[in-house]
Amino acid sequence: MWLKSFIVASLLQLSVGSVAQAAGPFGSVKIGNWVGGAFSNDETGAFSHCAATAPYANGVILVVGQNTGGSWILSFASPSYHFKQGENAAIDVIFDGQEQARLFATANQTNMLSSVMPANVVRAFQKASLMVATSGRTVLNFDLTSAGPVIAALANCVTKVKADGLNKAGDFTKVAAKPQAPDKQASPPASKSAKAKSGTGFVVSASGHVVTNNHVINGCVGDIRGNLTGEAGMVLRVVSSDANNDLALLQAPSTTTFKEFARIRDRSIRSGDSVVAIGFPFHGLLTSDFTVTTGIVSSLSGMRNDSRFLQISAPVQPGNSGGPLFDTTGQIVGVVTGKLDGLRVAAATGNIPENINFAIKTGALRDFLDNSVVPYQTAEPKGEIKTTDIAGNARPYTMLISCNGTEQAEAKR
């Protein structure tokens with residue numbers, strides 16, 4: 001216990017703004033598992049920053065702080081880390097499975113990576129209950145239940161110490177002020193009428209044409225973004241949409257090219273054939289990577305014998321919409337579009353349906369792409385491959401699609 005306390009104290013003193021020598025804490029911040037206060041520079045004796053830390057069961061200690069210039073710093077520290085001084089790393093963070101950002105961190109110490117948090121990330125950090133951080137193959141979850149009061153207390157700490165001095169430092173959790181945005185030029189937070197929404201899409205051409213469901217992008221306010229796992233997001237442009245068949249075509253930036261993209265099966269699939277669904281259900285709440293589920297084609301028609309759809313048993317959830325459905329050779333056989341409303345069916349029949357999900361057939365997909373003049377490719381099914389290989393092959397072209405949508409659009413989903 002004393003060793004952990006020593007590490008936490010050391011991190012608090014050295015984390016924010018790369019202060020070489022810092023004394024403190026002065027006053028206190030104690031909220032949940034977070035502890036901290038105000039710190040000064042030993043060389044000058046001047047107030048330098050306020051910071052707080054929280055240890056997690058995954059072995060990582062989060063450090064968040066604000067310096068006298070108003071900049072916010074987020075650090076990831078652990079006694080097990082062994083970075084080279086000055087080493088850089090990209091860290092993707094996702095808040096409550098919705099808002100996401102890429103942070104560029106630097107190892108100012110061998111046991112810690114630190115990054116400046118832009119204004120929008122500070123706001124997301126403050127209001128979120130869960131943060132998922134991904135760097136390379138490492139994925140870590142952080143409970144942010146107390147993060148809102150901590151951000152407010154640290155902002156209050158900086159304001160009070162700048163006004164009254166370190167000798168009057170006290171309990172900064174009392175009368176905590178809202179934090180000032182570190183970047184006055186940053187865009188304002190989304191209006192209360194907008195709600196984050198997400199789905200899945202997949203690339204069907206080297207030029208970056210992306211297929212998804214129309215209901216995934218319907219009602220989007222502002223930019224629509226596409227994220228390949230572990231890579232920075234890109235803004236996607238809407239090319240065309242077909243509400244009747246629930247299809248939409250997006251376009252990646254002209255500077256982006258794709259060496260890998262999906263091929264559409266050039267042969268009909270049969271009832272009983274095995275299928276693989278890939279997508280981003282409940283993204284960030286369960287995992288920051290896509291999920292893979294398997295099943296069979298249960299029927300060659302959808303609700304009320306709608307021949308545009310396949311009925312499949314592969315489990316899908318909200319967020320899978322617009323994702324690719326593969327056969328066992330890795331070719332596209334459909335676009336996942338949704339699942340049967342179990343509660344509504346249960347209310348009508350008294351029975352809860354299981355594994356009744358739907359995908360748009362490739363016939364409707366190819367007609368849509370032909371009308372949009374997309375240079376997609378088809379392939380005949382040849383030898384079966386493992387599900388792990390299908391997932392691995394799909395990684396370079398399966399995207400998380402996200403945007404802010406109106407509450408009215410969300411209600412229609």
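Residues numbered from 1 in each chain as written. Predicted model: local features only at pLDDT ≥ 70, side-chain atom pairs only at ≥ 80, totals over all residues. Heavy atoms only, no water.

A.B. asks: It is not clear to me how unusual backbone geometry should be interpreted in this structure. Could you clarify?
C.D. replies: Look at D246: it is not a glycine, yet its phi comes out positive at around 55 degrees. When its relative accessible area of 13% is taken as the criterion, D246 is described as buried. At V373, a residue that is not glycine, the phi angle is positive and equals roughly 55 degrees. Checked against the element boundaries, V373 lands in the loop between helix 6 (362-371) and strand 23 (378-379). Of the residues examined, V373 reaches a relative accessible area of 69% and is grouped as exposed. (Buried < 20%, exposed > 50% of the residue type's maximum accessible area, 1.4 Å probe, protein only. Helix = DSSP H or I, 4+ residues; strand = E, 2+ residues; numbered from the N terminus.)

A.B. asks: I would appreciate a short explanation of the environment of G226 in the present structure.
C.D. replies: Of note, G226 is situated in strand 13 (residues 220-228). The contacts of G226, once residues within four sequence positions are left out, are A232, G233, M234, L236, M399, L400 and I401. (Contact = heavy atoms within 4.5 Å.)

A.B. asks: Any chance you could explain the state of the cysteines here in plain terms?
C.D. replies: Note: disulfide means a covalent bond formed between the sulfur atoms of two cysteine side chains. Overall, the coordinates contain 2 disulfides when judged by the stated rule. Bridging C50 to C157, the disulfide has an S-S length of 1.9 Å. Across the S-S bond linking C50 and C157, the dihedral sits near -75 degrees, which makes this disulfide left-handed. You can see C50 sitting in strand 3 (residues 47-55) and its partner C157 sitting in helix 3 (residues 147-164), a full 107 residues away along the chain. The exposure class of C157 is buried, given its relative accessible area of 0%. (Disulfide = S-S within 2.5 Å.)

A.B. asks: Just checking my understanding: could you explain the pairing of strand 13 for this structure?
C.D. replies: Here strand 13 pairs with strand 14 (residues 234-242) via 3 bridges, running antiparallel. Counted as the bridge partner of G226 is M234 from strand 14. Linkage of strand 13 to strand 14, two consecutive antiparallel strands, is achieved through a turn of 5 residues, within which G230 is found at a positive phi near 80 degrees. (Pairing = 2+ DSSP bridges.)

A.B. asks: It is not clear to me how the packing of helix 2 (residues 119-127) against helix 3 should be interpreted in this structure. Could you clarify?
C.D. replies: Helix packing for two helices is described by the angle between their axes and how far apart those axes are. Remark: helix 2 packs on helix 3, axes separated minimally by 6 Å, with the N-to-C direction vectors making an angle of 130 degrees. Comparing the axis directions of helix 2 and helix 3 gives the class oblique. On helix 3, the residues touching V122, F125 and Q126 of helix 2 are A147, G148, I151 and A152. In terms of residue class, the contact of helix 2 with helix 3 is made up of 5 nonpolar, 2 polar and no charged. (Axes fitted to C-alpha atoms, helices over the stretch in contact; angles between N-to-C directions. Parallel < 35°, antiparallel > 145°, perpendicular 65-115°, else oblique. Nonpolar A, V, L, I, M, F, W, Y, C, P; charged D, E, K, R; others polar.)

A.B. asks: Could you clarify how one ought to interpret the pairing of strand 14 in this entry?
C.D. replies: The side chains of a regular strand alternate between both faces of the sheet. The sheet contact formed by strand 14 and strand 15 (residues 247-251) spans 5 bridges and is antiparallel. Bridge pairing in strand 15 links S240 to L249. Here strand 14 folds back onto strand 15 in antiparallel fashion, the turn holding 4 residues, of which D246 has a positive phi close to 55 degrees.

A.B. asks: Can you walk me through the confidence of the model for the protein chain in this structure?
C.D. replies: Fine structural detail should not be taken from predicted coordinates in areas where pLDDT scores are low. Model confidence for the protein chain is summarised by a mean pLDDT of 83, while 83% of its residues fall at 70 or above. Considering each helix and strand of the protein chain separately, the mean pLDDT is smallest for helix 1 (residues 2-14), with a value of 42, and largest for strand 20 (residues 324-326), with 97. Across residues 1-20 the pLDDT falls below 50, and counting only partners more than four positions away or on other chains, this stretch makes 45 contacts in the model. (pLDDT = per-residue confidence, 0-100.)

A.B. asks: Just to check I follow, could you spell out the nonpolar core for this structure?
C.D. replies: General note: in soluble globular proteins, nonpolar side chains tend to be found buried as a group. Judged by nonpolar contacts, the single largest core of 46 residues is most densely connected at V64, F125, M131, F142 and L144. Of the residues forming this core, the biggest block, 9 residues, is contributed by helix 3. Not counting the four nearest positions on each side in its chain, L144 is found in contact with Y56, L62, F95, F125, A128, S129, L130 and M131. (Core = buried A, V, L, I, M, F, W, Y, C linked by side-chain atoms within 4.5 Å.)

A.B. asks: Help me out: how do you make sense of the pattern of salt bridges in this one?
C.D. replies: What the rule picks out here adds up to 7 salt bridges. The partner of R265 in a salt bridge is D327, with the nearest N and O atoms 2.8 Å apart. Taken together, the positions of R265 in strand 16 (residues 264-265) and D327 in the loop between strand 20 and strand 21 (332-339) put the pair 62 residues apart, joining distant regions of the chain. Taking relative accessible area as the criterion, R265 reaches 11% and is therefore assigned buried. Judged by relative accessible area, which is 2%, D327 ranks as buried. One salt bridge in this structure joins R366 and D266, with 3.1 Å as the shortest N-O distance. In this pair, R366 sits in helix 6 while D266 sits in the loop between strand 16 and strand 17 (274-279), placing the two residues 100 residues apart along the sequence. (Salt bridge = Lys/Arg side-chain N within 4 Å of Asp/Glu carboxyl O.)

A.B. asks: Help me understand helix 3 in this model?
C.D. replies: The periodicity of an α-helix, 3.6 residues per turn, causes residues three or four places apart in sequence to face the same way. For helix 3, which comprises 18 residues, the first-to-last C-alpha distance of 25 Å matches the rise-based estimate of 26 Å (1.5 Å per residue) to within 8%. Considered for burial, the residues of helix 3 that qualify are A147, G148, V150, I151, A152, A153, L154, A155, N156, C157, V158 and V161. (Expected span 1.5 Å × (residues − 1).)

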